[in-house]
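# Per-entry structural report
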Amino acid sequence: QVQLVESGGGLVQPGGSLRLSCAASGNILSIYFMGWYRQAPGKQRELVAGIISSGMTNYADSVKGRFTISRDNAKNTVYLQMNSLNTEDTAVYYCKVSARTPTLQNYWGQGTQVTVSS
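Quick summary incoming for the structure in this document.

Cut-offs used in this document
Sequence positions are assigned chain by chain, starting from 1 and proceeding in written order. The predicted nature of this model means local features are confined to residues of pLDDT at least 70 and side-chain atom pairs, given and counted, to a pLDDT of 80 or more, with totals for whole chains, interfaces and linings taken over all residues. With hydrogens and water set aside, each side-chain value is computed from the structure's full complement of heavy atoms. Exposure classes here rest on a 1.4 Å probe applied to the protein chains alone. A residue is buried below 20% of its type maximum, exposed above 50%, and partly exposed in between. Going along the chain from the N terminus, every DSSP run of H or I of four or more residues is numbered as a helix, and every run of E of two or more is numbered as a strand. Paired strands are those between which DSSP finds at least two bridges. Only buried residues count toward a nonpolar core, which is a set of Ala, Val, Leu, Ile, Met, Phe, Trp, Tyr and Cys residues joined through side-chain atoms within 4.5 Å. Any two residues whose heavy atoms approach within 4.5 Å are treated as being in contact. Each Phe, Tyr or Trp ring, with Trp reduced to its six-membered ring, pairs with another whose centre is within 6.5 Å; inter-plane angles below 30 degrees give stacked pairs, above 60 give edge-to-face pairs, and intermediate values give tilted ones. Note on criteria: charge over ring means Lys NZ or Arg CZ within 6 Å of the ring centre, with the direction from the centre no more than 35 degrees off the ring normal. Polar contacts, as used here, are pairs of N or O atoms within 3.5 Å; protein pairs need one atom able to donate a hydrogen and one able to accept it. Residues neighboring in sequence count only if both atoms are side-chain atoms.

### Observations concerning the pairing of strand S8 (residues 77–82)
Most of S8 sits inside the fold, with five of its six residues counted as buried. Bridging between strand S3 (residues 18–26) and S8 involves six bridges; their strand directions are antiparallel. Its bridge partner being in S8, Ser21 is matched across the sheet by Tyr79. Of the pairings in the sheet, the one linking strand S7 (residues 67–72) to S8 comprises six bridges and is antiparallel in character. Opposite Ser70, over in S8, you have Tyr79 as the bridge partner.

Structural data, given as structure tokens:
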């Protein structure tokens, strides 16, 4: 079993920055994918950014140039640096990890609220 602990959400003014963290723990042999999704009220959950074990990343068009995803493999932790935040970034952000334990499965964090408001 894998546990994910997210942190870093909160209230920020438009134009501000936040950094999200998600630490994975448990009987982990390897982690293939780590990523962040978000879900705003009344909308479907969407991929914000992802990073695979090779370091290759992908981003939603709406966050390109503003958000940066990174991972620390030694700590089994993924980060999302969010800059130039706007009100449309307001959502619950969820961490997702694809880990081998030894079977490859997807795990989700509990979610952290990000609110961008003046």
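There is more to say after this.
### What to know about the nonpolar core
With 31 residues, the main nonpolar core has Trp36, Leu80, Met82 and Tyr93 as its most contacted residues. At the level of secondary structure, the elements contributing two or more residues to this core comprise strand S1 (2–7), S3, strand S4 (30–39), strand S5 (46–52), S7, S8, strand S9 (91–100) and strand S11 (112–116). No other element matches the five residues that S9 contributes to this core. Ignoring sequence-local partners within four residues, the contact set of Met82 consists of Gly16, Ser17, Leu18, Leu20, Arg66, Phe67, Tyr93 and Val114.

### Re the packing of aromatic side chains
Here the structure, examined in full by the defined rule, presents one aromatic pair. Across from the ring centre of Tyr94, 3.7 Å away, lies the NZ or CZ of Arg45, which sits over that ring. The residue whose ring lies beneath Arg45 is Trp108, and the NZ or CZ to ring-centre distance is 4.7 Å.

### Digging into the pairing of S9
In the case of a regular strand, side chains alternate between the two sheet surfaces. Taken across its ten residues, S9 has eight buried, putting it largely inside the fold. Sheet topology places S9 next to S11; three bridges connect them, and they run antiparallel. Of the residues in S11, the one forming a bridge with Tyr93 is Thr112. As paired elements, S9 and strand S10 (residues 104–108) share five bridges and run antiparallel to each other. Opposite Ala99, over in S10, you have Gln105 as the bridge partner.

### Overview of unusual backbone geometry
In this model, Thr101 is joined to Pro102 through a cis peptide bond whose omega is 15 degrees. For Pro102, the location among the structural elements is in the loop between S9 and S10. You will see that Asn76, though not glycine, has its phi angle at about 50 degrees, which is positive. The residue Asn76 is located in the loop between S7 and S8 in this model. Even without being a glycine, Ser84 presents a positive backbone phi close to 50 degrees.

### Comments concerning the environment of Asp89
Along the polypeptide, Asp89 turns up in the loop between S8 and S9. Sequence separation between Asp89 and Val116 is 27 residues; the distance between their C-alpha atoms is 6.8 Å. Ignoring anything within four residues of it in the chain, the contact list for Asp89 reads Arg38, Arg66, Phe67, Ser84, Val114 and Val116. A distance of 2.8 Å separates polar atoms of two side chains, one belonging to Asp89 and the other to Arg66.

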